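Architecture at a glance
Letter by letter, the chains look like this.
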Amino acid sequence: MTNDIFDISDNTPLVLMKQLTRQKRARFMAKLEYMNPCFSHYCRVSAAIVRDAEERGAIHPGMTLVDWTFGTSGIALAMAAVSRGYKVLLAAPESICREKQEVLRALGAELVFTPSEALPGDLQSCVDVAENLVRTLPNAWFANMYENPVSRQVHQEGTGPEIYRQSEGQVTHVFVPMASGAMISGIGRYFRSVNPQVQIIGVEPEGSIYGDLHGGKSHGSPAAFRLEDIGAVRPTSFWDPEVIDRIVQVSDADAFNCGRELLRSEAVFAGGASGAAMAAALREGEAYGQDALVVVMMTDFGGYDLSRMYSDDWMRQRGFYRKAKGALDQITADDILQRKARKDLIFAQPEQTLAEVFETMKQNDVSQMPIVSFGAPIGSISENRILSILIENDTAMNAKVVAFMEKPFPVCQPDATISELSEKLQANASGVLISLSDGRLQLINKSDLIDALTHK
């Protein structure tokens, strides 16, 4: 039992991802920061900011807390404030999701909408409007969640140690969606103190400015992006490149679709910022080895994005929609190879004779083989082909197979779906070669596909 609902905002779950990461050697874990009373990582921050202000005597019940928001931070602030007797006034771009607007109104927060295209420095921007409201309203206090030093402190003293403890100290990479930069700088500072080898990777939309700044440019070049609760058009006081190893940018389309796939594949109901972080982690994680443990911060809730990223119509209208993978597309060449009892490829070399090749076929109970030279498939040979050769010339058994080989089997990657493999096998191919990451080849034939389908 707890006396304060915000006491349960810490210790969010760290969950192993299984479906999206089947083709990866590294382990990927999602830190479900949205699983708290406010459904976002701002839950820790908002409660801490309000408590800190109360302890310093900066606020008291009856005052109005003012801030600017893209929705999620405002919801967290309103939940922390109204339950303790404060009014909340928020300036927000008119483009924020309908669900966020409705939740804010349900909480009793007052909203002042600003033009979405207005950037900080423009008197009509949500940042400038919020600052002006604080100056003109009596009994008002600027929460300033995007710049409040408590924000970084919360993640340095709370979120970072949680990741380390929950991963049993095995974490090697942390992917963090970047907005104000408070979360990544707090987590980064913590890991620099306990294990500087942990890679801290920031994730932002294409069009955000942190990548340019981290690359040494004096100022970023912002451009429009659709994602909310991630990205920035100007740096905050939390910008700390010394504790950030890399910045990775993700397109709106990749972020939204990865978020949707998280729900379908892993039952993780996250928003666009979380989708961006996972998309970046999966892309970068292609190069990680089996000793890597990747933690991906899931900072926003999918329920706040129902009318956008989870709406097929909205996604189609903006050119973001990608058809969900069907059940067959979930089965890959790698999955099929895992079922095969025989792991080593049986193949012929071009200098072998037909007699030698046929003897290999008999010993291994196969009816066709690829012909491989220096690790590369150059052709194939089958029992039917050998039979037709001998009918025409019964002395050909001592001739080299290279003179009689048929076209090589098509080559696919381990992530090829069963639909792709079937299409190639239907095109008169006896088998499909799978090129593994270590350079080896393995063969998949029609019977392997049938076995996978009957045991899926």
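The rules we used
- Residues numbered from 1 in each chain as written.
- Predicted model: local features only at pLDDT ≥ 70, side-chain atom pairs only at ≥ 80, totals over all residues.
- Heavy atoms only, no water.
- UniProt positions renumbered as here; feature names shortened; annotations may be inferred.
- Pairing = 2+ DSSP bridges.
- Helix = DSSP H or I, 4+ residues; strand = E, 2+ residues; numbered from the N terminus.
- Axes fitted to C-alpha atoms, helices over the stretch in contact; angles between N-to-C directions.
- Buried < 20%, exposed > 50% of the residue type's maximum accessible area, 1.4 Å probe, protein only.
- Right-handed = clockwise from strand over helix to strand, strands pointing away.
- Domains from an automatic or database assignment.
- Contact = heavy atoms within 4.5 Å.
- Core = buried A, V, L, I, M, F, W, Y, C linked by side-chain atoms within 4.5 Å.
- Phe/Tyr/Trp six-rings, centres within 6.5 Å; stacked < 30°, edge-to-face > 60°.
- Lys NZ or Arg CZ within 6 Å of the ring centre and 35° of its normal.

The name given to the protein in an unreviewed UniProt entry is Pyridoxal-phosphate dependent enzyme, with Chlorobaculum thiosulfatiphilum as the source organism. Taken directly from UniProt, the Cofactor (unreviewed entry) text for the protein runs: "pyridoxal 5'-phosphate".

**Brief notes about the sheet that holds strand 9 (residues 246–250)**
Each strand in a sheet pairs with another by means of backbone hydrogen bonds, the pair being arranged parallel or else antiparallel. Taken together, six strands build an open sheet; the order of strands is 1-2-10-7-8-9 and the sheet is mixed. Only two strands of the sheet have a single neighbouring strand rather than two, namely strand 1 (14–16) and strand 9. Across the sheet, the mean angle separating the axes of adjacent strands is 25° when strand polarity is ignored. Where strand 8 (residues 199–205) lies against strand 9, five bridges are found, and the strand directions are parallel. Paired with isoleucine 201 across the two strands is arginine 246, which belongs to strand 9.

**Remarks on the pairing of strand 4 (residues 87–93)**
Burial runs high along strand 4: six of the seven residues are buried. With five bridges connecting them, strand 3 (residues 64–68) and strand 4 associate as parallel partners. Bridge assignment links tryptophan 68 to a residue of strand 4, and that residue is alanine 91. Taken together, strand 3, helix 2 (residues 72–82) and strand 4 constitute a β-α-β crossover, and its handedness is right-handed. Across five bridges, strand 4 lies against strand 5 (residues 110–114) in parallel orientation. Looking at the pairing, leucine 90 lines up with leucine 111 of strand 5. One crossover worth recording links strand 4 to the parallel strand 5 by way of helix 3 (residues 98–106), and it is right-handed.

**Description of the domain arrangement of the protein**
Where interface size is quoted, it is often the accessible area lost as the parts come together. One can read the domain layout of the protein as domain 1 (5–39 + 150–318), domain 2 (43–142) and domain 3 (328–454). Here the C-alpha centroids of domain 1 and domain 3 sit 43 Å apart.

**Overview of the sheet that holds strand 13 (residues 411–412)**
Spatial strand order, 13-14-15: three strands in an open sheet with mixed pairing. Looking at strand neighbours, the two that pair on one side only are strand 13 and strand 15 (441–444), the edges of this open sheet. Across the face of the sheet, helix 14 (residues 418–426) comes into contact with strand 13, strand 14 (432–435) and strand 15 while running at roughly 140° to strand 14.

**Describing the side chain of arginine 308**
Along the polypeptide, arginine 308 turns up in the loop between strand 10 (293–298) and helix 10 (312–317). According to the relative accessible area criterion, arginine 308 is buried, its value standing at 15%.

**A few points about the environment of threonine 360**
Tracing the backbone through its elements, the reader meets threonine 360 in helix 12 (residues 354–364). A relative accessible area of 22% places threonine 360 in the partly exposed class. Those residues in contact with threonine 360 that lie beyond four places of it in its chain are Ile346 and Met369.

**Some details on the nonpolar core**
Phe175, Met278 and Met298 are the most contacted members of the largest nonpolar core, which has 83 residues in total. Per-element tally for this core: the top contributor is helix 9 (residues 272–284), with eight residues. Of the residues that make up this core, three or more belong to each of domain 1 (5–39 + 150–318) and domain 2 (43–142). Ignoring anything within four residues of it in the chain, the contact list for methionine 278 reads Met17, Leu20, Ala30, Cys258, Leu262, Val296 and Met298. With 25 residues, the next largest nonpolar core counts Leu213, Ala232, Val243 and Leu293 among its residues.

**Looking at the packing of aromatic side chains**
A complete count under the given rule lists 16 aromatic pairs for this structure. Seen in terms of ring centroids, tyrosine 164 and tyrosine 190 are 6.3 Å apart; in terms of plane orientation they differ by 70°. Their pairing is edge-to-face. Here tyrosine 164, found in helix 5 (residues 149–166), pairs with tyrosine 190, found in helix 6 (residues 182–194); they are 26 residues apart in sequence, far enough to count as distant. Here phenylalanine 256 and phenylalanine 320 contribute two aromatic rings whose centre-to-centre distance is 5.5 Å and whose plane-to-plane angle is 45°, an arrangement assigned as tilted. With phenylalanine 256 in helix 8 (residues 252–266) and phenylalanine 320 in the loop between helix 10 and helix 11 (333–339), this residue pair connects regions lying 64 residues apart in the sequence. Accessibility classification places phenylalanine 256 together with phenylalanine 320 in one group, the buried group. By way of ring pairs, the aromatic residues Tyr34, Phe39, Phe269, Phe301, Tyr304 and Tyr310 are connected into one cluster. A cation sits over an aromatic face here: arginine 316 above tyrosine 321, 4.1 Å from the ring centre.

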